[in-house]
Amino acid sequence: MRHLLDIADLSRAQLEGILDDADGFVEVLGRPIPKVPALRGKTVTTAFFEPSTRTRLSFERAAKALSADTMTFAPGTSSLSKGESLKDTVLTLQAMGTDLMIIRHQAVGAARRVSEWLSVPVVNGGDGAHQHPTQALLDTLTVRRRFGHIEGLRVAIVGDIRHSRVARSDSQAFSTLGAHVTLVAPRTLLPVTTRDWPVEVSASLDKVLPDVDVVYLLRVQTERGGASVFPSLPEYVSRFGMTRERRARLKAGAVVMHPGPMNRGVEIADEVADDPDALVLEQVSMGVAVRMAVLFRLLGGEIDG
Ligand code: NCD
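Keep in mind that what you see is a predicted model, and the values were worked out from it rather than measured. Just so you know, the residues in each chain are numbered from 1, in the order the chain's sequence is written. This being a predicted model, a pLDDT of at least 70 is required before a residue's local features are given, and a value of 80 or more before pairs of side-chain atoms are given or counted; all residues contribute to the totals for chains, interfaces and linings. Side-chain descriptors were evaluated using all non-hydrogen atoms of the structure, hydrogens and water having been removed beforehand.

Undergrad: Explain the environment of Pro 276 to me, please; I cannot follow it from the model alone.
TA: Within the secondary structure layout, Pro 276 lies in the loop between helix H10 (270-273) and helix H11 (280-301). For the pair Pro 276 and Thr 43, spaced 233 residues apart in the sequence, the C-alpha separation amounts to 37 Å. Each helix is a run of H or I in the DSSP string that is no shorter than four residues. Each strand is a run of E no shorter than two, and both are numbered from the N terminus.

Undergrad: Hey, could you run me through the sheet that holds strand E1 (residues 43-48) in this one?
TA: Within a beta sheet, neighbouring strands are joined by backbone hydrogen bonds and run either parallel or antiparallel to one another. When DSSP finds at least two bridges between two strands, those strands are taken to pair. Strand order in the open sheet made by the four strands is E2-E1-E3-E4, with parallel pairing throughout. Looking at the sheet topology across the chains shown, the edges are occupied by strand E2 (69-73) and strand E4 (122-127). Neighbour-to-neighbour, the strand axes of this sheet turn through a mean angle of 15°, independent of strand direction. Bridge count for E1 against E2 is five bridges, and the pairing is parallel. Across the sheet, the residue bridging to Thr 45 is Met 71, located in E2. Contacts from helix H2 (residues 54-65) reach E1, E2, strand E3 (100-105) and E4 within the one sheet, and its direction differs from that of E1 by about 180°. In what follows, residue pairs with any heavy atoms lying within 4.5 Å of each other are defined as contacts. Think of each axis as a best-fit line through the C-alpha atoms, taken over the contacting stretch in the case of a helix, with angles from 0 to 180 degrees between the N-to-C directions. Together, E1, E2 and E3 form the strand contacts of helix H3 (residues 86-95), whose direction differs from that of E3 by roughly 155°.

Undergrad: I keep staring at the packing of aromatic side chains and nothing clicks. Help me out?
TA: Here the distance between the centres and the angle between the planes together describe a pair of aromatic rings. Note on aromatic pairs: the rings of Phe, Tyr and Trp (six-membered ring only in Trp) are paired at centre separations within 6.5 Å, and the planes decide the class, stacked below 30 degrees, edge-to-face beyond 60, tilted for the rest. Taken as a whole and assessed by the stated rule, the structure comprises three aromatic pairs. Arranged with centres 5.8 Å apart and planes meeting at 75°, the rings of Phe 25 and Phe 296 form a pair that is edge-to-face. With Phe 25 in helix H1 (residues 12-29) and Phe 296 in helix H11, this residue pair connects regions lying 271 residues apart in the sequence. Each residue's exposure class comes from its accessible area (1.4 Å probe, protein chains only) as a fraction of the maximum for that residue type: buried when under 20%, exposed when over 50%, partly exposed otherwise. Its relative accessible area of 9% is what places Phe 25 among the buried residues. Assessed through its relative accessible area of 27%, Phe 296 is described here as partly exposed. Centroid distance Tyr 236 to Phe 240: 5.7 Å. Interplanar angle 35°. Geometry classified as tilted. Taken as a pair, Tyr 236 and Phe 240 lie in helix H8 (residues 233-240) at a separation of four residues, close to a single helical turn. Note on accessibility: Tyr 236 and Phe 240 belong to one class, buried. Consider the ring centre and the ring normal. A charge sits over the ring if Lys NZ or Arg CZ is within 6 Å of that centre and within 35 degrees of that normal. Over the ring of Phe 59 we find Arg 291, and its NZ or CZ is 5.0 Å from the ring centre.

Undergrad: When you look at the nonpolar core in this model, what are you seeing that I'm missing?
TA: Nonpolar side chains tend toward joint burial in soluble globular proteins. To define a nonpolar core, start from buried Ala, Val, Leu, Ile, Met, Phe, Trp, Tyr and Cys residues and group those joined through side-chain atoms within 4.5 Å. Judged by nonpolar contacts, the single largest core of 85 residues is most densely connected at Leu 137, Ile 157, Ile 161 and Leu 295. Considering each element in turn, this core owes the most residues, 10 residues, to H11. Domain start and end points were adopted from an automatic or database domain assignment. Taken together, domain 1 (7-131 + 284-299) and domain 2 (133-279) each give at least three residues to this core, which thus spans both. Other than its neighbours up to four places away in sequence, Leu 137 contacts Leu 4, Ile 7, Leu 15, Ile 18, Leu 19, Val 290 and Val 294. In this structure, Phe 49, Phe 73, Leu 93 and Val 120 belong to the second largest nonpolar core, which totals 14 residues.

Undergrad: How should the site of the ligand be read in this particular structure?
TA: Near, as used in this document, describes a residue that has one of its heavy atoms within 4 Å of the molecule or strand being considered. Surveying the vicinity of the ligand reveals the residues Arg 54, Thr 55, Arg 104, His 132, Gln 135, Arg 165, Val 166, Arg 219, Gln 221, Pro 259, Gly 260 and Pro 261. For the purposes of these results, a polar contact is taken to be a pair of N or O atoms within 3.5 Å, where, inside protein, one atom must be able to donate a hydrogen and its partner to accept one; residues adjacent in sequence count only when each atom of the pair is a side-chain atom. At a separation of 3.2 Å, a nitrogen atom of the ligand approaches a polar side-chain atom of Gln 135. One nitrogen or oxygen atom from the side chain of Arg 165 is found 2.7 Å from an oxygen atom belonging to the ligand. Every accessible area reported is derived by Shrake-Rupley at a probe size of 1.4 Å, with residue values counting cover from the shown protein chains alone. Relative to its free-state accessible area of 310 Å², the ligand is covered by the protein chains to the extent of 94%. Those elements that provide at least two residues to the shell around the ligand are H2 and helix H6 (165-176). Following the grouping adopted for this structure description, the nonpolar residues are Ala, Val, Leu, Ile, Met, Phe, Trp, Tyr, Cys and Pro, the charged ones are Asp, Glu, Lys and Arg, and the polar ones are all others, Gly among them. Classifying every residue of the shell around the ligand by side-chain character gives three nonpolar, five polar and four charged. Counting residues domain by domain, the shell around the ligand receives three or more from each of domain 1 (7-131 + 284-299) and domain 2 (133-279).

Pasting the structure below:
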């Protein structure tokens, strides 16, 4: 593995290998001094052209826990405003001595393009509505640790699928690892075609609710037009919102997940988000361990490609 750009590039064995490594890093992060010298002397750069709280900071946290140095490129205060191109920007960051770059960009395919320009490993931190591979890795890690396995689980991914890089990446990862994935959304929030997606599709959350082990809620992506395709927020909530009442109809042991940031009161009710059984903050914690595993593979450890 030279870059991490797309979940579809990874075999089941590679996915499982990353999750196995991440389990080890969960243990490291639980130590009194949660730090190992594995990447001492390496420099990891985050270049995020779209807003982020979790992804960028947890990559920084992961790099530091492996003793790497970090650089953060902040587009708002950079020479982008003087018209510098994406290519010149990333080549500049590489020339300063970057060993690995994590990029988030609004354009589909941006991370892959950057990986063609640079000689160092590139990690896709989200490209438009296309891919967000480390989100899928942290989600599958969270579920595997909760249930002990992924094979045979039923996962419903609910809401704004059309605009969601998380939905695509998570569908691929969960189904490669043997789960059954159902996308639940109104027609207007589904992609134009789901032919290439390894999933079933349903228009009724209430129908799938009693059978699923994992309910994965997506944020309605207003910045990509997500709110304009259904009549009103109350109507969305009444058909697809995870209310307390719907939470009560899940089978015993089922879990609720959300990648964050949450629109409380829209796709997820306050009481559901704050329920100790919701895995939202556990997902965030697992994000650090999984990103350590990814950085370690790309910069330090792997021999088997
Ligand atoms: C997601 C993203 O940016 O793709 N957030 C995240 O990385 N945890 C999902 C979202 O913005 O809704």
